[in-house]
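An overview of the molecular structure
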Amino acid sequence: LSVGKHEMYWNREFYAFGRHADAKDVGNTWVNRTEWGWKKYPSEWNGRKIGLYTSASESTFRAYASETKEGTLPVNCDDQVLECDGMSTTTAGYEAFFVIECGQHFYVGPDQNHFTPTYTQYNITESVTESNFVRPYNVSCGQSPGERAKFRFLGFFNETSCNGITNKTYDTSPCNLTNHTSSSSEPSSMSSSEPSFMPSIKPS
């Protein structure tokens, strides 16, 4: 089974418990309910646009997600402006972005080994051993040994267009969109009275 970049293989299967003598009869009742398939970019992904907002005078940034894939993003998030936009699902030319908190230091981008100073990309033919096995989630962060870096998934973005937030802190508070304009010529419509915001505290 080969799964390419921006592709996803999925399947649904069932596990039955009971007497061994009943296994065949029980299995036959569920076998037709099993499913499998592929999802490939871009036609089958149903993601949403995500905007990252900041300002030159602030050390923080915020995020906002459109209601739908075709939805629009506001130009402003309170006093912050749209720095770059991405998607909630894998997209060609975009990389998975993370907020990494390591002690008092922050990094935003695709480099999961940013706080791993001893990391070097070893040759693919080199054997993986305990000495070269990379664990970016277990960096000491210059604090007490074993204190792990904190990772938070943001979405998929173009690395070069988001340089303005690389070392800023992620502010999880929602955007107040009252009287703010959309980034397109047409106003965006909301399905509820309260704006939705992404990413959440937990990664999606």
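The notes below deal with the structure included here. (Residues numbered from 1 in each chain as written. Predicted model: local features only at pLDDT ≥ 70, side-chain atom pairs only at ≥ 80, totals over all residues. Heavy atoms only, no water.)

The buried count for strand 3 (residues 49-54) comes to five of six residues, which makes it a mostly enclosed element. Where strand 3 meets strand 6 (residues 80-87), six bridges bridge the pair, whose relative direction is antiparallel. From the neighbouring strand, Lys 49 faces strand 6, where its bridge partner is Met 87. The antiparallel pairing of strand 3 with strand 4 (residues 60-65) creates a hairpin that spans five residues between the two strands. (Buried < 20%, exposed > 50% of the residue type's maximum accessible area, 1.4 Å probe, protein only. Helix = DSSP H or I, 4+ residues; strand = E, 2+ residues; numbered from the N terminus. Pairing = 2+ DSSP bridges.)

On to the state of the cysteines, then. Applying the stated rule across the entire model yields two disulfides. Paired by a disulfide, Cys 77 and Cys 175 hold their sulfur atoms 2.0 Å apart. Its S-S torsion of approximately -95° makes the covalent link between Cys 77 and Cys 175 left-handed. With Cys 77 in strand 5 (residues 76-77) and Cys 175 in the segment after strand 10 (169-170), the pair connects residues that are 98 residues apart, well separated along the chain. The burial state of Cys 77 is the same as that of Cys 175; both residues are buried. Residue Cys 84 pairs covalently with Cys 162 via a disulfide, S to S 2.1 Å. Negative torsions about the S-S bond denote left-handed disulfides, and the value of about 110° found for Cys 84 with Cys 162 makes this one right-handed. Of this pair, Cys 84 sits in strand 6 while Cys 162 is found in the loop between strand 9 (150-157) and strand 10, placing the two residues 78 residues apart along the sequence. Neither Cys 84 nor Cys 162 differs from the other in exposure class; each is buried. (Disulfide = S-S within 2.5 Å.)

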